[in-house]
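Each chain is listed here by its residues.
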Amino acid sequence: MPVAEVRPYLVTRNLPHFWCPGCGNGVVLSAVARAFARLGLDRTQTVVVTGIGCFGRADDYLNVNAVHGTHGRALAIATGIKAVNPSLRVVALMGDGDCATIGGNHFLHACRRNLTITAVVSNNLNYGMTGGQYSGTTPAGSTTSTSPLGHAEEGFDLCRVAAAAGAMYVARATVYHVHLLDRYLETALTHQGFSMVEVMSSCPVYFGRYNRLGGPVEMMEHWRKVAVPLEKYWELPAEDREGKVAIGVFQDRPGIPFEERYRKVQEAARGARAGEVTER
Amino acid sequence: MAERVEFWQGNEAILEGALAAGARFYAGYPITPSSEIAELASWRLPAVGGVYLQMEDEIASMAALVGASLAGARAFTATSGPGFSLMQENLGLAIALEVPCVVVDIQRSGPSTGLATRPAQADLMQARWGTHGDHPAVVLAPATVQDCYDLTMRAFELADMLRQPVILLGDEVIAHARERVVLPGSPPACAGRPEPACPPEQYRPYAGGPDGVAPLARFGSRYVFHVSSSMHDETGFPNAQPENAARVIARLHEKIARHAADLELYRTYHAEGARYLVVAYGAAARAARAAVEEARAAGLPAGLFVPLVLWPFPARALARAAADAREVLVAEMSYGQLALEVERILHRDVAGINRYDGEMLTPEEVLAGLERVLTPCP
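Since this is a predicted model, take the numbers as computed values, not measurements.

Some points on the interface of chain B and chain A
Part 1 of the reasoning: Opposite the 43 residues of chain B that make contact, chain A presents 44 residues.
Part 2 of the reasoning: Taken over both partners, the interface formed by chain B and chain A buries close to 3,400 Å², and the fraction arising from carbon and sulfur atoms is 60%.
Part 3 of the reasoning: Looking at the side of chain B facing chain A, the largest losses of area belong to B:Trp43, B:Glu56 and B:Val224, adding up to 18% of the total buried there.
Part 4 of the reasoning: Our count for the chain B to chain A interface comes out at two salt bridges.
Part 5 of the reasoning: Elements with a contribution of two residues or more to the side of chain B that touches chain A: α2 (35-47), β3 (51-54), α3 (58-70), α4 (81-97) and β9 (226-228) of chain B.
Part 6 of the reasoning: Looking at the side of chain B that touches chain A, the element that brings in the most residues is α3(B), giving seven residues.
Part 7 of the reasoning: Within the side of chain B that touches chain A, the residues separate by chemical class into 26 nonpolar, eleven polar and six charged.
Part 8 of the reasoning: Of the pairings in the sheet, the one linking strand β2 (residues 65-68) of chain A to β9(B) comprises three bridges and is parallel in character. Across the sheet, A:Ala66 pairs through a bridge with B:His226, a residue of β9(B).

Have a look at this one:
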């Protein structure tokens, strides 16, 4: 897509971005900006909400309405915005720390509540900004700055969590699979109800280094190698799934978003008031 | 329209005050003794086109309030001690983003779950200092059910005027008491928060005008703008320069200081020339008033000072009321939080009349406190 079409959606004076060389966040950010451009979003009617951490800085580079909030609370802030003005397009950009860890509870309930909000999760499997500590998605056995002897906990499979919690559209790509990512983002941004796109992302400075995954190029290679299309993933023998990442669309179903359901509540409340039916 | 008289519970009056002030968004998490506000909001708000959201916790509730306010709604929540603690993180967010909203804290006994349904007044310092960082706090405290209605409306007005969250610090006794409330015939028109008028490309959401407050656009209007919990400059984008940080922190404080006159609100009873001045707010002020009336009837020159705005405290008014007082007594349902503030303002020791067992302070106890200072222990 021509750069000229994407530029209006970028705060070019803040570029180049501040992320480390080889960080996957730039790939995710440019995919988001491209998706905005392809859909021709009205900047005045678009709101991006971020939390804290590396990907929490994504809003610095997006020329739409933006809230840089508190750690893990992006979806809760987005909920207030969308509930008050359903005509706004609301996008939450989060890392795995924000979404799966400190914000885990908000994430579950956002999936269930089903407001038309798109969550984009850049999952680099650790807390990059704070120095490479483990997060809610860090795989068991991994080395991080707070699991130097090997991580004792299992990480979340965010897509399966989202699908189980009731999200309408759930898909996963990696920073290597950019065309897939583009497609998923476009679908998510036009989907009714809660949508989530998870992007497996590279952190060569912390996660890559601690786990001897090599530099930026090798980490890209890593995602190419370990990514398996969802339908094939489940055909693999259990032992072969070890270390692999399923990519694809985990959930895509129609449903009634919160906005529509709540309009009915408002109508019922007005009717009750008018008819004095439910005076308490 | 004629004046209307209602017989309302404090919590009901708070909800009605919020609706009258134009509130259209509530996000909260149920907790005693504030829950009636949520229950009433859940059907009264949608009836006026508003939204009630029961969030997963108080952290999310406060975050949703910030979002809703940025999208243009007059937004509020209600909670109680432990829930108020959870809200502190995003109360700080509202202060940093300078987003107007109203937080009702109906105090109950603590610490922690404490005596969950019993009255107390021990969140005074939490209301002032609960969130981290240097920031001002605006806290109103109703002493009657009428106050619940009037001060809730005032809280929304101040929040918009100051671009600042405003806390209504009630207590279990006031929240659950039923009293007569007189509603004005024609409710004062809601000014709403000032919106920018400049061309969109010139809008700077943090360029405080002469009074330190910048107009706040809403998401979805013609203005595209950016707000950040990180230290930001006038554009709303992060700016970590020390001189910028100092300017922002100073402006946050000064915008409240500049409106000191608007924020001074208190009541006095027999305070003129009083030799024994009782200071009390909320439920304790009710007991103190009865005690002071009785003391006066017995010929004791006692008076009462009731702050209705607790932060910033009406310091000059208190100093005036205490000018002739031989003794100042602070009556409160806490181990002594208000006493700290009164001592700080008056630069003198005060006598404490404290109750912190989850029971209501009684007029007899306040009276006993007055008698104690009359006859000091040998």
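Describing the nonpolar core
Part 1 of the reasoning: Residues A:Ile81, A:Phe107, A:Phe194, A:Met196, B:Phe25, B:Leu70 and B:Phe76 are the most contacted members of the largest nonpolar core, which totals 169 residues.
Part 2 of the reasoning: Setting aside its immediate chain neighbours within four residues, B:Leu70 contacts A:Val67, B:Leu97, B:Val99, B:Arg193, B:Leu216, B:Ala217, B:Arg218, B:Phe219, B:Phe225 and B:Val227.
Part 3 of the reasoning: Formed by 46 residues, the second largest nonpolar core is a distinct cluster that contains A:Ala31, A:Ala37, A:Phe55 and A:Val197.

Side note on the side chain of A:Asn114
Residue and element names in this part refer to chain A.
Part 1 of the reasoning: If you trace the backbone, Asn 114 turns up in the loop between α5 (104-113) and β4 (117-123).
Part 2 of the reasoning: Under the relative-accessibility criterion, Asn 114 is labelled buried at 6%.
Part 3 of the reasoning: The residues contacting Asn 114, other than those within four sequence positions of it, are Met 168, Gly 193, Phe 194, Ile 256, Pro 257, Phe 258 and Glu 259.

As for the layout of surface pockets
Residues and elements named next belong to chain A.
Part 1 of the reasoning: Approximately 790 Å³ is the volume attributed to the largest pocket.
Part 2 of the reasoning: As for the largest pocket, its lining consists of 30 residues, and the residues nearest its centre are Pro 139, Glu 154, Gly 243, Lys 244 and Val 245.
Part 3 of the reasoning: Of all the secondary-structure elements, those providing two or more residues to the lining of the largest pocket are β8 (195-200), α9 (216-226), α11 (238-241) and β10 (245-252).
Part 4 of the reasoning: Here the element with the most residues in the lining of the largest pocket is α9; it accounts for three residues.
Part 5 of the reasoning: The residue inventory of the lining of the largest pocket, partitioned by class, reads 14 nonpolar, eight polar and eight charged.

What about the packing of helix α10 (residues 282-297) of chain B against helix α13 (residues 363-374) of chain B?
All names here are of chain B.
Part 1 of the reasoning: Put simply, α10 and α13 touch, their axes get as near as 8 Å, and they point 55 degrees apart. By the angle between their axes, α10 is oblique relative to α13. When you trace α10 past α13, the crossing you get is right-handed. Side by side, α10 and α13 meet where Ala 287, Ala 288, Ala 290, Ala 291, Glu 294 and Ala 295 of the first sit next to Pro 363, Val 366, Leu 367 and Leu 370 of the second.
Part 2 of the reasoning: Considering only residue class, the contact of α10 with α13 consists of nine nonpolar, no polar and one charged.

Details of unusual backbone geometry
Part 1 of the reasoning: For the bond running from B:Gly110 to B:Pro111, omega is 0 degrees, close enough to zero to count as cis.
Part 2 of the reasoning: Mapped onto the elements, B:Pro111 comes out in the loop between β5 (101-107) and α5 (124-129).
Part 3 of the reasoning: Of note, the amide linkage connecting B:Trp311 to B:Pro312 takes the cis form, showing an omega dihedral of -10 degrees.
Part 4 of the reasoning: Locating B:Pro312 in the fold gives a position in the loop between β13 (309-311) and α11 (315-321).
Part 5 of the reasoning: We note that A:Arg212 has phi near 50 degrees; this positive angle belongs to a residue other than glycine.
Part 6 of the reasoning: By the element assignment, A:Arg212 lies in the loop between α8 (204-210) and α9.

Considering the pattern of salt bridges
Oppositely charged side chains can form a pair if their charged atoms are brought close together.
Residue and element names in this part refer to chain A.
Part 1 of the reasoning: All told, the structure shown has 24 salt bridges over all chains when counted by the stated rule.
Part 2 of the reasoning: Of the charged contacts, one joins Arg 172 and Asp 157 as a salt bridge, the two residues approaching to 2.5 Å between their closest N and O atoms. Residue Arg 172 is located in strand β7 (residues 169-174), and its partner Asp 157 is located in the loop between β6 (133-134) and α6 (158-165); the two are separated by 15 residues in the primary sequence.
Part 3 of the reasoning: According to the relative accessible area criterion, Arg 172 is buried, its value standing at 5%.
Part 4 of the reasoning: With relative accessibility at 26%, the residue Asp 157 sits in the partly exposed group.
Part 5 of the reasoning: Each of Asp 157, Arg 172 and Glu 198 takes part in one network of salt bridges that share partners.

Let's talk about the pairing of strand β14 (residues 327-332) of chain B
All names here are of chain B.
Part 1 of the reasoning: In terms of residue burial, β14 counts as a mostly covered element, since five of its six residues are buried.
Part 2 of the reasoning: One ladder, built from four bridges, connects strand β11 (residues 276-279) with β14; its direction is parallel. What sits directly across from Val 279, in β14, is Val 330.
Part 3 of the reasoning: Bridge count for β14 against strand β15 (residues 351-354) is four bridges, and the pairing is parallel. Looking across to β15, one finds that Leu 329 is bridged to Ala 351.
Part 4 of the reasoning: Chirality of the crossover, the property in question, places the unit of β14, helix α12 (residues 338-346) and β15 among those that are right-handed.

Thresholds, definitions, all that
Residues numbered from 1 in each chain as written. Chains lettered and ligands numbered in written order. Predicted model: local features only at pLDDT ≥ 70, side-chain atom pairs only at ≥ 80, totals over all residues. Heavy atoms only, no water. Contact = heavy atoms within 4.5 Å. Buried area = accessible area lost by both parts, 1.4 Å probe. Salt bridge = Lys/Arg side-chain N within 4 Å of Asp/Glu carboxyl O. Helix = DSSP H or I, 4+ residues; strand = E, 2+ residues; numbered from the N terminus. Nonpolar A, V, L, I, M, F, W, Y, C, P; charged D, E, K, R; others polar. Pairing = 2+ DSSP bridges. Core = buried A, V, L, I, M, F, W, Y, C linked by side-chain atoms within 4.5 Å. Buried < 20%, exposed > 50% of the residue type's maximum accessible area, 1.4 Å probe, protein only. 1 Å grid on protein atoms, 1.4 Å probe; cavity = no way out; pocket = protein on both sides within 12 Å on 5 of 7 lines; lining within 4 Å. Points joined across faces, edges and corners; volume = space filled by probe spheres on them. Axes fitted to C-alpha atoms, helices over the stretch in contact; angles between N-to-C directions. Parallel < 35°, antiparallel > 145°, perpendicular 65-115°, else oblique. Left-handed = near helix turned anticlockwise from the far one by under 90°. Right-handed = clockwise from strand over helix to strand, strands pointing away.

The values reported here are purely geometric and, on their own, carry no functional implication.
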